[in-house]
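Observations on chain architecture
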Amino acid sequence: MTSIAVVGAGVAGLAAAYALRDADADVTVYERRDTVGGRAATHRRDECVFDVGANYVKEADEDGRVSELLTTELADGLVDTEEPVWTFNADGEISEGRGDDSPKWTYREGLATLGDRLADAADAEVRTGTEVETFAREDDEWWLRVRGGEATADRLVLTPPAPTTAYLLDRADWDDPLCSDLVETASDVPYRTLLSVALHYPDRTDLPYYALVNADKDHDLGWISREECKPGHVPEGESLLIVQPSPEWSRQHYDEPDDQIAIGAADRTAELLDDADRYQFDWAEVVRWRDALPDAGADADVLERAADQALYFAGDWVAGEGRIHAALRSGLETGDEIRKSL
Ligand SMILES: Cc1cc2nc3c(=O)[nH]c(=O)nc-3n(C[C@H](O)[C@H](O)[C@H](O)COP(=O)(O)OP(=O)(O)OC[C@H]3O[C@@H](n4cnc5c(N)ncnc54)[C@H](O)[C@@H]3O)c2cc1C
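Criteria and thresholds
- Residues numbered from 1 in each chain as written.
- Predicted model: local features only at pLDDT ≥ 70, side-chain atom pairs only at ≥ 80, totals over all residues.
- Heavy atoms only, no water.
- Salt bridge = Lys/Arg side-chain N within 4 Å of Asp/Glu carboxyl O.
- Helix = DSSP H or I, 4+ residues; strand = E, 2+ residues; numbered from the N terminus.
- Near = heavy atom within 4 Å.
- Polar contact = N/O pair within 3.5 Å; in protein donor to acceptor, adjacent residues only side chain to side chain.
- Areas by Shrake-Rupley, 256 points an atom, 1.4 Å probe, with all protein chains shown as cover.
- Disulfide = S-S within 2.5 Å.
- Buried < 20%, exposed > 50% of the residue type's maximum accessible area, 1.4 Å probe, protein only.
- Domains from an automatic or database assignment.
- Contact = heavy atoms within 4.5 Å.
- Buried area = accessible area lost by both parts, 1.4 Å probe.
- Nonpolar A, V, L, I, M, F, W, Y, C, P; charged D, E, K, R; others polar.

Let us look at the pattern of salt bridges. Counted by the stated rule, this structure contains 19 salt bridges. Here Glu109 and Arg44 are joined by a salt bridge, their closest N and O atoms 3.4 Å apart. In this pair, Glu109 sits in the loop between strand 9 (104-107) and helix 3 (113-121) while Arg44 sits in strand 3 (residues 42-45), placing the two residues 65 residues apart along the sequence. Among the salt bridges present, the one from Lys230 reaches Glu227, with a minimum N-O distance of 3.0 Å.

Next up, the structure:
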């Protein structure tokens, strides 16, 4: 049976494993963190559940394949956030959005559930807490040094964000000119850095929107959302805001202590909402995403050449769009490609 190693249990890696579920293959997914889902990440504190990476999944794929999967096989616990997304500009003026009422899906237990659902549906061994430290091409096999051991595989799928993929390729023991082309291609993908700040308040103000997005990209804040609009996330009467400062503000303040970042984000939020109660949160959590969102895709022609060497890629940066549905689709397509070649 063909052995397949997938590096990364974000939605792309798990979707690749899912697409291979009926194949005559032995699939192992290696994930360096203790949880699956990658940037579809959820935290819990007190009785609150809050999404600290991606906020929701949109119904946005052209042929509906991802939406179909989400609403059937992965649907257990899926919920829609019904309130709309409004906009604000550099002057802090808030306006109604474009009336887009398509679903904004998350799970009652948070978006990380998407990773759990994919892992459950895939017929693969998922090894969390198992970083792939390096790999080598030996004869016709891939050899991997993983945390606490080693492994071999006939096929290798890389799904970490492009900078990490470039780093892994750069230190791989693989004597082929294609390797340096792949390093260059992955290194060329530009990324935005983002901070995600969760601010909890013991009280709540009724507002007509779920979130505000900065439309002119000229404000210190890029995004504010109200987790209480997501069914099951925040106890009645409390409020939990997710504040994502702009990429520039995030970069400038990235290395500051958490409490300083939280105060900075809360101050700007209170000003924007014109709500003095929002200065005083009762607890906060700060999550740092150095490689948050790719701003472009990688050169597909170079990536495709690697298939001759039993090496494949998947992820939002392969799709060229920093979105869950794009990453999921990329994983499905990579899994399909491998399955057809078996
Ligand atoms: C703050 C923020 C807000 C966002 N908002 C939205 C949104 O509202 N809607 C939306 O659709 N998208 C949003 N996104 C984007 C979305 O989260 C990503 O596009 C998507 O999750 C990418 O999935 P992926 O599988 O390609 O990569 P990842 O989720 O990054 O998965 C890669 C996995 O590889 C693992 N890994 C890395 N190196 C190794 C190694 N050496 N060994 C083993 N494992 C390794 C990582 O730990 C990770 O789990 C947001 C992202 C961020 C950061």
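Inspection of the region around the ligand gives 36 residues, with Glu31, Arg39, Tyr56, Asp316 and Ile324 positioned closest. Arg32 is positioned such that a nitrogen or oxygen atom in its backbone is 3.2 Å from a nitrogen atom of the ligand. Asp316 is positioned with one of its side-chain polar atoms (N or O) 2.7 Å from an oxygen atom of the ligand. Coverage of the ligand by the protein amounts to 97% of the 1000 Å² it exposes when considered alone. At the level of elements, helix 1 (11-19), helix 4 (162-170), strand 19 (283-294) and helix 10 (324-341) are the ones that each hand at least two residues to the shell around the ligand.

Attention shifts here to the state of the cysteines. Inspection of the entire model under this criterion finds 0 disulfides. In this model Cys48 remains outside any disulfide bridge; the closest cysteine sulfur is found in Cys229, 13 Å from its own. Overall, Cys48 belongs to the buried group, its relative accessible area being 1%.

Examined at the domain level, the chain breaks down into domain 1 (2-40 + 114-189 + 296-341) and domain 2 (44-111 + 191-294). Distance from the C-alpha centre of domain 1 to the C-alpha centre of domain 2: 29 Å. Taken together, the contact between domain 1 and domain 2 spans 24 residues of the former and 23 residues of the latter. With both sides pooled, the region where domain 1 packs onto domain 2 buries about 2200 Å², and carbon together with sulfur makes up 61% of that total. The interface formed by domain 1 and domain 2 contains 3 salt bridges. Taking the shortest distance from any N to any O, the salt bridge between Asp76 and Arg117 comes out at 3.8 Å. At the boundary of domain 1 with domain 2, the tally comes to 8 residue pairs in polar contact (both at pLDDT 80 or more). The leading source of residues in the side of domain 1 that touches domain 2 is helix 10, at 6 residues. Tallied by class, residues from the side of domain 1 that touches domain 2 come to 14 nonpolar, 4 polar and 6 charged.

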